[in-house]
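# Structure assessment
Residue strings, one per chain:
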Amino acid sequence: MNVKERYELAKEKYEKWGINVDKVLEELNKVKISVHCWQGDDIKGFEVVQNALSGGIQCNGNYPGAATSAEELRADLDKALSLIPGKHKVNLHAIYLESNGEFVERDEIKPEHFAKWVNWAKERDLGLDFNPTIFSHPKAADGLTLSHPDKEIRDFWIRHAIASRKVGEYFGKELGQTCLTNLWIPDGYKDIPSDRLGPRARLKDSLEQIYAVKTDKKYNLDCVESKVFGIGAESYTVGSNEFYLNFAARNGIMSLMDTGHYHPTEVVSDKISSMLLFNEKIALHVSRPVRWDSDHVVIYDDELKEIAKEIVRNDALDRVIIGLDFFDASINRIAAWTIGTRNMIKALLNAMLTPNELLRKLQDEGNFTERLALMEEFKTYPMGDIWNYYCEKNNVPVGESWIEDVKRYEEEVLSKRN
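Quick summary incoming for the structure in this document.

Calculation criteria
Residues numbered from 1 in each chain as written. Predicted model: local features only at pLDDT ≥ 70, side-chain atom pairs only at ≥ 80, totals over all residues. Heavy atoms only, no water. Buried < 20%, exposed > 50% of the residue type's maximum accessible area, 1.4 Å probe, protein only. Helix = DSSP H or I, 4+ residues; strand = E, 2+ residues; numbered from the N terminus. Pairing = 2+ DSSP bridges. Core = buried A, V, L, I, M, F, W, Y, C linked by side-chain atoms within 4.5 Å. Contact = heavy atoms within 4.5 Å. Lys, Arg positive; Asp, Glu negative; His and termini not counted. Salt bridge = Lys/Arg side-chain N within 4 Å of Asp/Glu carboxyl O. Polar contact = N/O pair within 3.5 Å; in protein donor to acceptor, adjacent residues only side chain to side chain. 1 Å grid on protein atoms, 1.4 Å probe; cavity = no way out; pocket = protein on both sides within 12 Å on 5 of 7 lines; lining within 4 Å. Points joined across faces, edges and corners; volume = space filled by probe spheres on them. Patch = residues over 30% accessible without salt bridge, like charges linked within 9 Å, V, L, I, M, F, W, Y side chains within 5 Å. Areas by Shrake-Rupley, 256 points an atom, 1.4 Å probe, with all protein chains shown as cover. Arc of directions from axis to C-beta.

Next up on the list: the pairing of strand E4 (residues 179-183). Extensive coverage of E4 is indicated by the burial of five of its five residues. Here E4 shows no split at all, with Cys179, Thr181 and Leu183 on one side and Leu180 and Asn182 on the other all buried. Pairing between E4 and strand E6 (residues 220-225): five bridges, direction parallel. When the bridges of E6 are listed, leucine 180 appears paired with leucine 221.

Okay, the nonpolar core next. Membership of the largest hydrophobic core comes to 50 residues, with the highest contact counts inside it found for Tyr14, Ile272, Leu284, Leu348, Leu349, Leu353 and Ile386. Counting only elements with at least two residues in this core, the list comes to helix H1 (3-15), helix H2 (21-28), helix H8 (269-278), strand E9 (282-286), helix H9 (302-313), strand E12 (320-324), helix H10 (333-352) and helix H13 (383-393). Per-element accounting of this core gives the leading share, eight residues, to H10. Discounting residues that sit within four places of it in the chain, tyrosine 14 has contacts with Ile19, Val21, Leu353, Phe378, Tyr381, Pro382, Met383 and Ile386. Counting 47 residues, the second largest nonpolar core, distinct from the first, contains Leu77, Leu81, Ala163 and Phe171.

In this section: the side chain of aspartate 325. Its location among the elements puts aspartate 325 in the loop between E12 and H10. An unpaired buried charge is present at aspartate 325: no salt bridge exists, and lysine 227, the closest side chain of opposite charge, is 7.8 Å distant. Of the polar contacts made by the side chain of aspartate 325, one reaches the side chain of histidine 285; its length is 3.5 Å. Other than its neighbours up to four places away in sequence, aspartate 325 contacts His36, Trp38, Asp258, His285, Val286, Ser287 and Asp295.

Throughout the structure, instances matching the rule amount to 31 salt bridges. Aspartate 155 is the partner of lysine 151 in a salt bridge, and the nearest nitrogen-oxygen pair spans 2.7 Å. Of this pair, lysine 151 and aspartate 155 both sit in helix H5 (residues 151-175), four residues apart, roughly one helical turn. The partner of arginine 408 in a salt bridge is aspartate 405, and the shortest N-O contact between them spans 3.6 Å. Highlighted residues: arginine 408 and aspartate 405, both in helix H14 (residues 402-412), separated by three residues, approximately one helical turn. In this structure, a network of salt bridges that share partners links the residues Lys4, Glu8, Lys11 and Asp22.

Estimates place the volume of the largest pocket at around 1,200 Å³. In terms of lining residues, the largest pocket is bounded by 40 residues, among which Asp315, Ala316, Leu317, Asp318 and Arg319 are the most central. Roughly 630 Å³ of internal volume is contained in the second largest pocket. In terms of lining, the second largest pocket is formed by 23 residues, of which the most central are Glu306, Lys309, Arg313, Leu359 and Met375. When residues of the lining of the second largest pocket are traced back to their parent elements, those giving at least two are H9, helix H11 (356-364) and helix H12 (368-377). The element best represented in the lining of the second largest pocket is H9, accounting for six residues.

So, about unusual backbone geometry. A positive phi angle is found at serine 136, which is not glycine, with a value near 50°. Among the secondary structure elements, serine 136 is positioned in the loop between strand E3 (127-131) and H5. Overall, serine 136 belongs to the buried group, its relative accessible area being 4%. Of note, the phi angle at aspartate 295 is positive, near 55°, even though the residue is not glycine. Along the chain, aspartate 295 turns up in strand E11 (residues 292-296).

Taken together, the side chains of Val48, Val49 and Phe103 make up a nonpolar region of the molecular surface, amounting to roughly 270 Å² of accessible area. Relative to the assigned elements, valine 48 resides in the loop between strand E1 (33-36) and helix H3 (70-81). Relative accessible area serves as the criterion here: at 42%, valine 48 is assigned to the partly exposed category.

Moving on, we come to the pairing of E9. The buried fraction of E9 amounts to five of the five residues, a majority that puts the element mostly inside the structure. Taking every second residue as pointing to the same face, both faces of E9 are buried, with Ile282, Leu284 and Val286 on one and Ala283 and His285 on the other. Of the strand pairs in this sheet, strand E8 (residues 254-258) and E9 are connected by three bridges, and their pairing is parallel. Residue pairing in the sheet places methionine 257 in a bridge with leucine 284 of E9. Summarising the sheet, E9 and E12 pair through five bridges and their orientation is parallel. The residue of E12 that forms the bridge with valine 286 is leucine 324.

Of all the positions in H11, only Asn356, Leu359 and Leu362 are classed as buried. Projected down its long axis, H11 shows its buried positions confined to an angular sector of 125°, all on one face. Away from its buried face by more than 90 degrees, H11 exposes Glu357 and Asp364. Tucked inside the fold, the buried residues of H11 contact H9, H10 and H12. At the C-terminal side of H11, glycine 366 shows a positive phi close to 75°.

Here's what the structure looks like:
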């Protein structure tokens, strides 16, 4: 039995519950996942003077074949995207500029330093998202940036963030797809602070200066990202969840939730519905924390499925901007992209193949017995056959066959890199 025949049989099971599977696949094909570039080179970037990772960020492992240039990184992304169904976006950090061998300080980045990325994206009908890189720099060496007591250091990072937002606006204009420019900082203290208010007051002032410079929302959307802690900031994080939720609400910008940036007993899936009630749009960085924000490759686990269900059953596919954020240097990097992105799309498909209206009705009626029974039965429905057909329809490898493509690429390309 071929893929199409298995699809037709699986379709019958779902259509019994009023689920139009063909329409589901049409809708799924419109969803864009923002695939993060930094998985491909272990967050090193291409500045002329490279700075060591800092700010609570670590990338562990020494698997061979990391990209050492923007050309190599784009080639690796091309390979990964050829294994992922649908048309998506790529998320860049400021350190992925191309400056023709000249040193460019971070507060001096310009759209021209990303022109090759834009040309590449245009040729492939991809969108681009952006992030200022407010870490791995001498002016972030002590773990403080936009909240630093030294005004000169704060001003440097303010200029960098403003310049980054202008790059994001340039992406949106050139590509016809709105860019999400996300701001995250590592600021905090290793031990218990003697002043919590002061750093947050300075951060508030810095952010107000950054967002006082307006960009066109048609081309650039701004968001801020909170965190619980990082290495070197175990006891206090300036940009906490409460800080950024209030700042974003007060200033009319978006709040981004990273699945690894909360306490271990918290889950982002539970937060999405609350955020949707009070925000036109929200943004996600989907990762997989293991004991702390360790940014493991996204797997098809219960929390990923719950995140997707919250987006789908709340009719929010056009209101939730889904980005990925993980980096694993212990495995093949193209495989990491492929596994994580395919799983995110697979989770959305699973949510779209769920009888959400019926389950909501059963809950409202207090019929928890039938609701639980159906939720459990749907766990073994033949979604895999629908997924395989979706991949075939998008001309990407079906099932695990993509692994052979990655092996060939590793042998022919990655193994020859220094």
